[in-house]
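Now for the letters of each chain:
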Amino acid sequence: MSHQKGIHHITAVAGNPKENHRFYTEVLGLRLVKKTVNFDDPSVYHLYYGDESGNPGSILTFFPWEHLQDGEPDRGQVVAISFSVPTGSKAFWIDHLRDHGLDIVEPFSRFGKEVIGLQDPDGLHLELVFDPKANGFDGWSGGPIDQEYAIRGLHGATLGEENYAGAGRLLEEDLGFELTNQFENRYLYESNADLGASVEIIDGFDLNGRPGKGTVHHIAFRVEDEAEQQSLRKQLLNKGYYLTEVKDRDYFKSVYFHEPGGILFEIATDPPGFERDEALNELGSSLKLPDWLEHERSIIEEELPTLND
Ligand code: ZN
C-alpha cells in the first residue's frame, strides 16, 4: 500500500495549560501522548494529544501561552479543527458534551456527513464529524470514553482564505489531496489516509480576526521519511516557496513554509514517533526534554505549572 498522505498534526495556542489538559483528556478523551516544552520557548509546555500511540493524523498539539491576547478566526488561518468519530456515537456525544456544560451547535450535515460544532475552553472552533471510516478501526481503550465512541483522531481542518485557489493547488499538486466536492464557497479536498484526510477551504473568508489564544498556529502534512521530505522541499523551493531548513522536533523532522494565503504549513515525517523516548504504556507520563535542554531540567520543571491536581 502506498504511504498515507494527509494531515500529520495541527498545533494551536491555548491559555491555561491545566484547563487545556482537562478538556482534551477528560472531556474529549484524547490521550496526552507527550509532555514536553516549546523548543523555541522552553518556559511553556508543548502538549501533544492523540490516539493511543499518537499516530500521524491523530495529533493535536498546544502551546499554552497564558499571557497572550485572545485570538479570533481570521483570513489566512486554520479556522476549525475536526475530529473523526464513529457514525453510531451521535447520541452519546450530544449527552456527554452537554453533561460537561458545553454549548454545542446542533448536528448538521456537510458533504454528506453529520457534524457537531463546539469550542474548547479558549474558544478554538472544533467539530466532531460522524464518519463511516471511523467505524472501521478502534479508538483508544485506555481513556475515559468508551472505546466504541472514542475520537479516532483528526478528521480534518478548515482553512479560511481570501482566495481558495493557491492553497487548493498546493494541496493537489504537492500534498497528496484531491478536490472531491464543493458547495457554495466551501471546497473539500481529500486524501487517502484513515485520519486527517480532509481539508476544507472557505473561499472569500470575510472575518477579520487576529492570532492569539484559541487559534491555530500551524498545520503539518505527512511525508513517509526524510528522503521524501527533502524531495518535497526541493519541489516547493522550485515553485518559489521559501522553506526553512529541516528542524529536529525529536518525534518527527519538520520544515515550514507559508502557503499563498499566509497560513503556516509544515511538512513532518511519520518517524520516529512518540515511542522514541517513552514506552507505549507510559506515553505522556513524564516531562520529556530534548537533549540540549536536559541540563536546564530543574529550572524548567520549577517554572512549569502542574497539569493535574
Ligand atoms: Zn508542528
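Only a predicted model underlies this, so the values are computations on that prediction, with no experimental measurement involved. (Residues numbered from 1 in each chain as written. Predicted model: local features only at pLDDT ≥ 70, side-chain atom pairs only at ≥ 80, totals over all residues. Heavy atoms only, no water.)

**Considerations on the overall build of the protein**
Link 1 in the chain: Within the protein one finds five helices and 16 strands.
Link 2 in the chain: Whereas a compact globule of 309 residues would reach a radius of gyration of roughly 19 Å, the protein reaches 18 Å, a difference of no more than 12%.
Link 3 in the chain: Considering the protein as a whole, with its 309 residues, one finds that 56% of them fall into the buried category.
Link 4 in the chain: Taking the intrachain contacts of the protein between residues at least 6 apart in sequence as the baseline, contacts between residues at least 24 apart amount to 67%.
Link 5 in the chain: Total accessible area computed for the protein in this model is approximately 13,500 Å², and 44% of it derives from carbon and sulfur atoms.
Link 6 in the chain: The positive charge centre, built from 27 side chains, and the negative charge centre, built from 55, are 2 Å apart in the protein. (Helix = DSSP H or I, 4+ residues; strand = E, 2+ residues; numbered from the N terminus. Rg over C-alpha atoms; globule rule 2.2 N^0.38 Å. Buried < 20%, exposed > 50% of the residue type's maximum accessible area, 1.4 Å probe, protein only. Contact = heavy atoms within 4.5 Å. Areas by Shrake-Rupley, 256 points an atom, 1.4 Å probe, with all protein chains shown as cover. Lys, Arg positive; Asp, Glu negative; His and termini not counted. Charge placed at Lys NZ, Arg CZ, Asp CG, Glu CD.)

**A look at the pattern of salt bridges**
Link 1 in the chain: Scanning all chains against the criterion turns up 18 salt bridges.
Link 2 in the chain: In this structure, Glu200 and Arg110 form a salt bridge, with 3.0 Å as the shortest nitrogen-oxygen distance. One end of the pair, Glu200, is in strand β12 (residues 198-203); the other, Arg110, is in strand β6 (residues 105-110), with 90 residues separating them in the sequence.
Link 3 in the chain: Judged by relative accessible area, which is 6%, Glu200 ranks as buried.
Link 4 in the chain: Residue Arg110 is classed as buried on the basis of its relative accessible area of 14%.
Link 5 in the chain: Two residues, Glu173 and Lys239, come together in a salt bridge whose shortest N-O distance is 2.8 Å. Of this pair, Glu173 sits in helix α3 (residues 165-173) while Lys239 sits in the loop between α4 (226-238) and β14 (247-248); the two residues are 66 residues apart in sequence, bridging distant segments of the chain.
Link 6 in the chain: On the basis of relative accessibility, which here comes to 40%, the residue Lys239 falls in the partly exposed class.
Link 7 in the chain: Several salt bridges share partner residues, and in doing so they unite Arg110, Glu127, Arg186 and Glu200 into one network. (Salt bridge = Lys/Arg side-chain N within 4 Å of Asp/Glu carboxyl O.)

**Details of the sheet that holds strand β10 (residues 178-183)**
Link 1 in the chain: Across the sheet, which stays open at both edges, the eight strands sit in the order β6-β7-β8-β5-β9-β12-β11-β10 with mixed pairing between neighbours. In this open sheet, the two edge strands, each paired with only one partner strand, are β6 and β10. Shown here is a sheet whose adjacent strand axes are inclined to one another by a mean of 25°, direction ignored.
Link 2 in the chain: Sheet topology places strand β5 (residues 77-85) next to strand β8 (residues 125-130); five bridges connect them, and they run parallel. Each residue of the ladder has a partner; that of Ile81, found in β8, is Leu126. (Pairing = 2+ DSSP bridges. Axes fitted to C-alpha atoms, helices over the stretch in contact; angles between N-to-C directions.)

**Considering the side chain of Gln4**
Link 1 in the chain: Tracing the chain through its elements places Gln4 in the segment before β1 (7-14).
Link 2 in the chain: On the accessibility criterion, Gln4 (14% relative accessible area) is buried.
Link 3 in the chain: Reaching out from Gln4, the side chain makes a polar contact with the backbone nitrogen of Asp194 at a distance of 3.2 Å.
Link 4 in the chain: Excluding residues within four positions of it along the chain, Gln4 makes contact with Asn192, Ala193, Asp194 and Arg222. (Polar contact = N/O pair within 3.5 Å; in protein donor to acceptor, adjacent residues only side chain to side chain.)

**Overview of the packing of aromatic side chains**
Link 1 in the chain: All told, the structure shown has 17 aromatic pairs when counted by the stated rule.
Link 2 in the chain: With a centroid separation of 5.2 Å and 50° between ring planes, the pair formed by Phe63 and Trp65 is classed as tilted. Take Phe63 and Trp65: they sit in the same class, and that class is buried.
Link 3 in the chain: Considering the side-chain rings of Tyr241 and Phe257, the 5.4 Å spacing of their centres and the 70° angle between planes classify their relative orientation as edge-to-face. Placement of the pair is Tyr241 in the loop between α4 and β14 and Phe257 in strand β15 (residues 252-258), with a sequence separation of 16 residues.
Link 4 in the chain: By way of ring pairs, the aromatic residues Phe177, Phe221, Tyr241, Phe257 and Phe265 are connected into one cluster. (Phe/Tyr/Trp six-rings, centres within 6.5 Å; stacked < 30°, edge-to-face > 60°.)

**Some thoughts on the coordination of the zinc ion**
Link 1 in the chain: For the zinc ion, the full set of protein donor atoms is His9 (NE2), His218 (NE2) and Glu266 (OE), at a range of 1.9 to 2.0 Å.
Link 2 in the chain: Of the residues examined, His9 reaches a relative accessible area of 1% and is grouped as buried. (Donors = N, O, S within 2.8 Å, 3.2 Å for Na, K, Ca; no water.)

**Regarding the sheet that holds strand β13 (residues 216-223)**
Link 1 in the chain: Spatially, the eight strands line up as an open sheet ordered β2-β3-β4-β1-β13-β16-β15-β14, and their pairing is mixed. Both edges of this open sheet fall to β2 (31-38) and β14, since each of them pairs with a single strand only.
Link 2 in the chain: In terms of strand pairing, β1 meets β13 through five bridges, oriented antiparallel. Directly across from Thr11, in β13, lies its bridge partner His218.

**Digging into the nonpolar core**
Link 1 in the chain: With 65 residues, the main nonpolar core has Tyr24, Leu28, Phe83 and Leu97 as its most contacted residues.
Link 2 in the chain: When sequence neighbours within four positions are dropped, the list of residues in contact with Leu97 reads Val27, Leu28, Leu102, Ile104, Ile116, Leu118 and Leu128. (Core = buried A, V, L, I, M, F, W, Y, C linked by side-chain atoms within 4.5 Å.)

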